[in-house]
Amino acid sequence: MKNWNLLFRRTHLYLGLLLIPWLMVYALSTVLFNHGHYFQQFRPADPQWLPLWEKDCAIEVPPGNDGLRATVRRIMDEQGLSGAFGVQRQGQRLNINVQNFWQPKRLTYDLERKKLRAEAKKFAWVDLFIRLHQRTGYGQAGFLHNLWGFMVDVYCVTSLVWIGTGLYLWWKLAGTRQWGFVAMGGGIVSIGVLLATL
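Each chain carries its own residue numbering, running from 1 in the written order of its sequence. Reporting of local features is limited, given that this is a predicted model, to residues whose pLDDT is at least 70; pairs of side-chain atoms are given and counted only at 80 or more, and all residues count toward the totals for whole chains, interfaces and linings. Think of the side-chain values as coming from all heavy atoms in the structure, minus any hydrogens and water.

### Description of the nonpolar core
The test is simple: Throughout this description, the term nonpolar core refers to a set of buried Ala, Val, Leu, Ile, Met, Phe, Trp, Tyr and Cys residues connected via side-chain atoms within 4.5 Å. When a residue's accessible area, from a 1.4 Å probe over protein chains only, is under 20% of the maximum for its type it is buried; when over 50% it is exposed; and in between it is partly exposed. Runs of E in the DSSP output that reach at least two residues are strands. Runs of H or I that reach at least four are helices, and both are numbered from the N terminus. We call two residues in contact when some of their heavy atoms are within 4.5 Å.
Grouped together as the largest cluster of nonpolar side chains are 17 residues, with contacts concentrated most on V61, M76, L107 and Y109. Mapped onto this core, the elements with two or more residues apiece are helix 2 (68–78), strand 3 (93–98), strand 4 (105–110) and strand 5 (115–121). Considering every element that reaches this core, the biggest residue donor is helix 2, with four residues. Excluding residues that lie within four positions of it along the chain, V61 makes contacts with L68, T71, R89, L94, Y109 and L111. Grouped together as the second largest cluster of nonpolar side chains are ten residues, W22, V25, L128 and V152 included.

### Description of the side chain of Q48
Convention followed: In protein, a polar contact means a hydrogen-donor-capable atom and an acceptor-capable atom, both N or O and within 3.5 Å, with residues adjacent in sequence counting only if both atoms are side-chain atoms; elsewhere, any N or O pair within 3.5 Å suffices.
For Q48, the position within the fold is in the loop between helix 1 (2–34) and strand 1 (49–56). A polar atom in the side chain of Q48 sits 3.3 Å from the side chain of K121. Those residues in contact with Q48 that sit more than four places away from it in its chain are A120, K121, K122 and D127.

### As for the sheet that holds strand 1
The pairing of strands in a sheet comes from backbone hydrogen bonds and takes either a parallel or an antiparallel form. Note the following rule: Only when DSSP finds a minimum of two bridges between them are two strands counted as paired. Comment: axis = line fitted to C-alpha atoms, over the contacting stretch for helices; angle = value between 0 and 180 degrees taken between N-to-C directions.
A sheet is described by the order of its strands in space; here five strands give the open sequence 1-5-4-3-2, paired in antiparallel fashion. The strands lining the two open edges of the sheet, one partner per strand, are strand 1 and strand 2 (85–89). For this sheet the average axis-to-axis angle between neighbouring strands, irrespective of direction, equals 15°. Sheet strands touched by helix 2: strand 2, strand 3, strand 4 and strand 5. Its angle to strand 2, the strand with the most contacts, is close to 120°.

### What about a nonpolar patch on the surface?
Where we set the bar: Surface patches are drawn from residues lacking salt bridges whose relative accessible area is over 30%; two like charges belong together within 9 Å, two nonpolar side chains (Val, Leu, Ile, Met, Phe, Trp, Tyr) within 5 Å. Accessible surface area values rest on a Shrake-Rupley calculation with a 1.4 Å probe, where residue burial reflects the displayed protein chains alone. Whenever Lys or Arg places a side-chain nitrogen within 4 Å of a carboxyl oxygen from Asp or Glu, that contact is recorded as a salt bridge.
On the surface, L160, I163, L167, W171, F181, M184 and I188 cluster together into a nonpolar patch covering about 710 Å² of accessible area. Only helix 4 (143–172) and helix 5 (177–197) provide two or more residues apiece to the nonpolar patch. A per-element tally of the nonpolar patch places helix 4 first, with four residues. With respect to the secondary-structure elements, I188 resides in helix 5.

### Some thoughts on the environment of V126
Looking at the secondary structure, you find V126 in helix 3 (residues 125–134). Judged by its relative accessible area of 7%, V126 is buried. C-alpha of V126 to C-alpha of G86: the two residues are 40 residues apart in sequence and 21 Å apart in space. Not counting the four nearest positions on each side in its chain, V126 is found in contact with L32, F39, F42 and R43.

Structure, rendered in C-alpha cells:
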C-alpha cells in the first residue's frame, strides 16, 4: 500500500508539472474570452486585416461542397501558401481562412470577377492566446497538425488522470475528507444550478 501511495503522489506531482503550460494557455485564453472588452486596448488599431495582394485567378470551383477543399488546396498551392485552412462559400464568393498562430491569412475568391484577394491579420498577443484555445488539429493535412491534435488529447487524458490521483490522495487523508466533500459538493452544485437555469 505504501508503494501505491508513493506512485499516486509522484504521478499527481509530475502530471501537474506537465500540465502547467497547457493549463496556463487555457486559463489565460478563457479570461480573454470572458472579459474581451477589457483587452481591446491591447489590440492594434483598425483595420485588423492588412491587404497583401489581389490577383487574377481563373479556377473551376465545384457548385457544391464536394471537392471544395481540394479546389482551395490547389489555389493555395498555386499561390505558394500552406497550412491548415477552413473554407466557407458565401454566394459568389469563397472565404478561406489560413490558420497560423502568429499571423493568419484570409483569402477571398470572387467567382464572378475571377479575382483572389489576400489579407494578413495584424499581430496581437491577445489574439495569439485565443487562437491557441480555438485551434483544432485533426482533419488537416500534415504531421504537425495531427501532432497538435494528439497533444490536446494527451492534455485531456492527463487531466483526467490528474483528477483521479488527486481524489485518491484526498481520500487517503482522513482529516481532509469533510472539507473535501464540501469543496467538491460546492463545485457540483454550482455547475448543476447553472445547467438548470441558463
